[in-house]
Amino acid sequence: MAGKLTLCATPIGNLEDISYRVLRALQEADLIAAEDTRNSIKLLNHFDIHTPMTSYHENNRFDKGRDLVAKMLEGTNIALITDAGTPGISDPGEVIVQMAVEAGIEVTSLPGPAALITALTLSGLSTRRFCFEAFLPPEKKERAQILQELTTESRTIIIYEAPHRLKKTLAELEKTLGGSSRISLCRELTKKHEEVFRTTIREAMDFYEQEDPRGEYVLVIEGRSLKDLREEKAQSWLEMSIEEHMEIYTGQGMDRKEAMKRVAKDRGCGKREIYAALNRD
């Protein structure tokens, strides 16, 4: 009978945030796969857990993932933990989950701490709709593409950032979203000196010109208003001629009558006005 993969969320700072279910799962597992065994041994020692441990991290996620899946197929029950937070969120845990699912192995997740959710709820910004970008990619072209996509993002945006890259990222966000956009910079979450800096992107840039960033950050940024996006879209249509606007839809195979309806809607006017403009001598 195959074993099971259990994802165990561990504290992001305060050890009291660990759950009874996670403690029991770590004690009862045959093997714990940890992102950094040197870091995780401190957690296990604190709770007097003596389950064998092996490393599973970014650099060995494919080869080690296959080894661990083979063990589970032979009956080994494995608990997966990351350095802090929920496995699979911005860490190599997602790879072994995919492998286990493809192999038909049972996977379960024990809920608990996640820095992005903790920061979102503390931010003071909208929590109804949000998107998570994790760390922005270092590759220049891919990074530019994602930042460009954020220019029309209406959901609250959550980004992780390291202290040595914070100033650069804030400058990019100002260019992308505007300096007046509200942002909450969260660090030391759940710890004694937890800090939530609620401000604007421009004010955050000014602040960190005088202060050195310290610790890992979770940036929570307000999205664009739907009203502003609609107005910008309407304005972009008005910058082209009605004939050019029509060609966009007729070029997609749309008949002329339907195209006129779409153009009228885009430009916020009546279909008769579009018809009259197209039939002027």
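What you see is a predicted model; the values in this text were computed from it and never measured. (Residues numbered from 1 in each chain as written. Predicted model: local features only at pLDDT ≥ 70, side-chain atom pairs only at ≥ 80, totals over all residues. Heavy atoms only, no water.)

Enquirer: I keep staring at the layout of surface pockets and nothing clicks. Help me out?
Expert: Take a probe with the size of a water molecule and roll it over the atoms, and the empty space left behind shows itself. Here the largest pocket is characterised by a volume of approximately 1100 Å³. Lining the largest pocket we find 41 residues, and of these Ile-12, Asp-83, Ala-84, Gly-85 and Ala-115 sit closest to its centre. Of all the elements in the fold, those that place two or more residues in the lining of the largest pocket are α2 (37–46), α4 (93–102), β6 (130–135), β7 (156–161), β8 (182–187) and β10 (217–221). A total of four residues in the lining of the largest pocket trace back to one element, the largest contributor, which is α2. When its residues are assigned to classes, the lining of the largest pocket shows 19 nonpolar, 10 polar and 12 charged. A volume near 250 Å³ is recorded for the second largest pocket. (1 Å grid on protein atoms, 1.4 Å probe; cavity = no way out; pocket = protein on both sides within 12 Å on 5 of 7 lines; lining within 4 Å. Points joined across faces, edges and corners; volume = space filled by probe spheres on them. Helix = DSSP H or I, 4+ residues; strand = E, 2+ residues; numbered from the N terminus. Nonpolar A, V, L, I, M, F, W, Y, C, P; charged D, E, K, R; others polar.)

Enquirer: It is not clear to me how the pattern of salt bridges should be interpreted in this structure. Could you clarify?
Expert: Where charged atoms of side chains with opposite charge meet at close range, the side chains can pair. Counted according to the given criterion, the structure contains 11 salt bridges. Between Arg-143 and Glu-172 there is a salt bridge whose closest N-O contact spans 2.8 Å. Taken together, the residues span a long stretch of sequence, with Arg-143 in helix α6 (residues 140–150) and Glu-172 in helix α7 (residues 166–177) at a distance of 29 residues. With its nearest N and O atoms 4.0 Å apart, the salt bridge here joins Lys-191 to Glu-188. If you follow the salt bridges from partner to partner, you end up with Glu-174, Arg-202 and Asp-206 in one network. (Salt bridge = Lys/Arg side-chain N within 4 Å of Asp/Glu carboxyl O.)

Enquirer: I tried to follow the sheet that holds strand β5 (residues 106–110) on my own but got confused; where do I start?
Expert: Strand pairing in a sheet takes place through backbone hydrogen bonds and is either antiparallel or parallel in direction. Read across the sheet, five strands follow the order β3-β2-β4-β1-β5 without closing on themselves; strand pairing throughout is parallel. A single partner strand is all that each edge strand has here, and the edge strands are β3 (53–55) and β5. Along the sheet, successive strands turn relative to each other by an average axial angle of 25 degrees, direction set aside. Sheet analysis places strand β2 (residues 31–34) next to β3, joined by three bridges and oriented parallel. Residue pairing across strands places Ala-34 opposite Ser-55, the latter belonging to β3. Lying over the sheet, α2 contacts β2, β3 and β4 (78–81), oriented at roughly 155 degrees with respect to β3. (Pairing = 2+ DSSP bridges. Axes fitted to C-alpha atoms, helices over the stretch in contact; angles between N-to-C directions. Contact = heavy atoms within 4.5 Å.)

Enquirer: So what exactly am I meant to see when it comes to the packing of helix α10 (residues 242–250) against helix α11 (residues 256–267) here?
Expert: Packed helix pairs are specified by the crossing angle of their axes together with the interaxial distance, meaning the distance between the axes. Between α10 and α11, whose axes approach to 9 Å, the crossing angle comes to 125 degrees. With respect to α11, the axis of α10 lies oblique. Where α10 crosses over α11, the handedness of that crossing is right-handed. Along its contact with α10, which presents Ile-242, His-245, Met-246, Tyr-249 and Thr-250, the element α11 presents Arg-256, Ala-259, Met-260, Arg-262, Val-263, Asp-266 and Arg-267. Each residue belonging to the contact of α10 with α11 can be placed in one class, and the counts come to six nonpolar, two polar and four charged. (Parallel < 35°, antiparallel > 145°, perpendicular 65-115°, else oblique. Left-handed = near helix turned anticlockwise from the far one by under 90°.)

Enquirer: Mind showing me how you'd approach helix α1 (residues 20–28) here?
Expert: Residues lying three or four places apart along an α-helix face the same way, a consequence of the helix completing one turn every 3.6 residues. Among the residues making up α1, those that are buried are Val-22, Leu-23, Ala-25 and Leu-26. Buried residues in α1, looked at end-on, bunch into an arc of 165 degrees, giving them a common side. Among the exposed residues of α1, those oriented more than 90 degrees off its buried face are Tyr-20 and Glu-28. Along its buried surface, α1 packs onto β1 (4–8), β2, α2, β4 and β5. (Buried < 20%, exposed > 50% of the residue type's maximum accessible area, 1.4 Å probe, protein only. Arc of directions from axis to C-beta.)

Enquirer: Quick question: what am I supposed to make of the sheet that holds β8 here?
Expert: An order of β6-β7-β10-β8-β9 is seen for the five strands of this open sheet, with the pairing classed as mixed. With partners counted over all chains shown, the strands left at the sheet margins are β6 and β9 (195–200), one partner each. Adjacent strand axes in the sheet meet at a mean angle of 15 degrees, parallel and antiparallel pairs treated alike. Of the pairings in the sheet, the one linking β8 to β9 comprises six bridges and is antiparallel in character. Note that in β9 the partner of Ser-184 across the bridge is Arg-198. Relative to the sheet, helix α8 (residues 201–210) contacts β8, β9 and β10, its axis offset from that of β9 by approximately 120 degrees.

Enquirer: Help me understand the pairing of β7 in this model?
Expert: In summary, the side chains of a regular strand alternate between the two faces of the sheet. By the criterion of burial, β7 is predominantly enclosed, with six of the six residues buried. Side chains Thr-156, Ile-158 and Tyr-160 project from β7 onto one buried face, and the interleaved Ile-157, Ile-159 and Glu-161 project onto a second face that is buried too. With five bridges connecting them, β6 and β7 associate as parallel partners. Within the sheet, the bridge partner assigned to Phe-135 lies in β7 and is Tyr-160.

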